[in-house]
Amino acid sequence: MKIVLQDLTKTFPARGKKSEGEVTAVDHFNFEIPDGELIGLLGPSGCGKSTTLNLISGLLAPTSGKIFFGEDDVTSLPPENRGVGLVFQNYALYPHLTVKKNIIFPLENLKGDQKLTKAQMSEKAMEVAKLVQIENLMDRKPGELSGGQQQRVAIARALVKMPRVLLLDEPLSNLDARLRLQTREEIRRIQRKTGITTVFVTHDQDEAMSISDRIVVMKDGQLQQIGKPQQVYDDPANLFVAKFLGTAPINVLQGRVQGGRISIGSEAVMESQ
């Protein structure tokens, strides 16, 4: 499913007497996510990436602009009718339900022609459990699982309805370094197998660059650059992108342009273009 954000803007009202007017979290945002790709929405804390994800999901209404899924304008469509699967940073599992019942829960709310029998719901739950490799944990409760296992349950629950769009809001931030590496590879494997258009929010450049087909770099609610990870790394659009990507960080040197040459200190290092 292709996703198009058209001049998308979200502002929040001032809070309290000391606030300095409205806060613009997403500022005239335009980009297109091709069908079937995994997009890394990347930027520092407070740049608007989670707000953008919530606008796509329908949990927030935009101040202005439009959101399209394919040719359908879903800007005013409620979340339950958009066909999205959303995985939260804190997993948001139901602690009193087993893994199986957590996965089945979204299916129990289907109505009309989409309503399923108990046998059909169990079959679908087992299919996605096998996909995320937790089929042997179906009778456990979330409190009996590791962080990585809980994350897989959350992904399975989001996938069980086979959504048109999968949205992941910093899903790996609560995991340790080794498990983060393993789980991000699993997310990439699952996305490739299902072919579902996926938006993955992260502030971790290594995560974004390692599994994304394309990365979208944000700062202060504004789009800085879109491109394939290696392309953005090799040819940053501005100094912010250049400094934000890369380990170790890029070296930044003060220089000047004089007489058709770029000089650093007293040394002319290259011709200016």
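Quick note: structure is the one above.
First, a word on what this report is: a plain description of the structure on this page. (Residues numbered from 1 in each chain as written. Predicted model: local features only at pLDDT ≥ 70, side-chain atom pairs only at ≥ 80, totals over all residues. Heavy atoms only, no water.)

1. Let's talk about the nonpolar core
Within the largest apolar cluster, 35 residues are counted, with the highest numbers of intra-cluster contacts made by Ile-103, Ile-134, Leu-159 and Ile-187. If you list the elements that add at least two residues to this core, you get α2 (99-108), α3 (118-131), α4 (147-159), β7 (165-169) and α5 (177-194). The element contributing the most residues to this core is α4, with six residues. If we ignore the near neighbours within four places in the chain, the residues touching Ile-103 are Ala-125, Val-128, Ala-129, Ile-134, Met-138, Val-153, Ala-156, Arg-157 and Val-160. (Core = buried A, V, L, I, M, F, W, Y, C linked by side-chain atoms within 4.5 Å. Buried < 20%, exposed > 50% of the residue type's maximum accessible area, 1.4 Å probe, protein only. Helix = DSSP H or I, 4+ residues; strand = E, 2+ residues; numbered from the N terminus. Contact = heavy atoms within 4.5 Å.)

2. Quick look at a positive patch on the surface
Together, Lys-100, Lys-101, Lys-118 and Lys-141 give the surface a local cluster of positive charge. Mapped onto the fold, Lys-101 is located in helix α2. (Patch = residues over 30% accessible without salt bridge, like charges linked within 9 Å, V, L, I, M, F, W, Y side chains within 5 Å. Areas by Shrake-Rupley, 256 points an atom, 1.4 Å probe, with all protein chains shown as cover. Salt bridge = Lys/Arg side-chain N within 4 Å of Asp/Glu carboxyl O. Lys, Arg positive; Asp, Glu negative; His and termini not counted. Charge placed at Lys NZ, Arg CZ, Asp CG, Glu CD.)

3. Overview of the sheet that holds strand β12 (residues 261-264)
If you walk across this open sheet you meet the three strands as β11-β12-β13, and the pairing is antiparallel. Because the sheet does not close on itself, it has two edges, and the strands there are β11 (256-258) and β13 (267-271). Here the average twist between neighbouring strands, direction ignored, is 40 degrees. For β12 and β13, the ladder comprises four bridges, and the chain directions are antiparallel. When the bridges of β13 are listed, Ser-263 appears paired with Ala-268. (Pairing = 2+ DSSP bridges. Axes fitted to C-alpha atoms, helices over the stretch in contact; angles between N-to-C directions.)

4. Concerning the packing of aromatic side chains
Scanning all chains against the criterion turns up three aromatic pairs. Ring geometry for Phe-29 against Phe-31: centres 5.2 Å apart, planes inclined by 90 degrees, an arrangement best described as edge-to-face. Of the two residues, Phe-29 and Phe-31, both sit in the buried class. Both rings, one in Tyr-94 and one in Phe-105, keep their centres 4.8 Å apart while their planes meet at 50 degrees; by these two values the pair is tilted. Of the two residues, Tyr-94 sits in the loop between β6 (84-87) and α2 while Phe-105 sits in helix α2, which places them eleven residues apart along the sequence. Residue class for Tyr-94 comes out partly exposed when judged on its relative accessible area of 30%. (Phe/Tyr/Trp six-rings, centres within 6.5 Å; stacked < 30°, edge-to-face > 60°.)

5. Remarks on the sheet that holds strand β1 (residues 3-12)
Strand order in the open sheet made by the four strands is β2-β1-β4-β5, with antiparallel pairing throughout. Sheet topology places β2 (23-33) and β5 (72-73) at the edges, where each strand pairs with a single neighbour. Relative to β2, β1 is paired through seven bridges, and the arrangement is antiparallel. When the sheet's bridge partners are listed, Lys-10 is paired in β2 with Val-26. Running over the sheet, helix α1 (residues 49-57) touches β1, β2 and β4 (64-69) and is turned about 115 degrees from β1.

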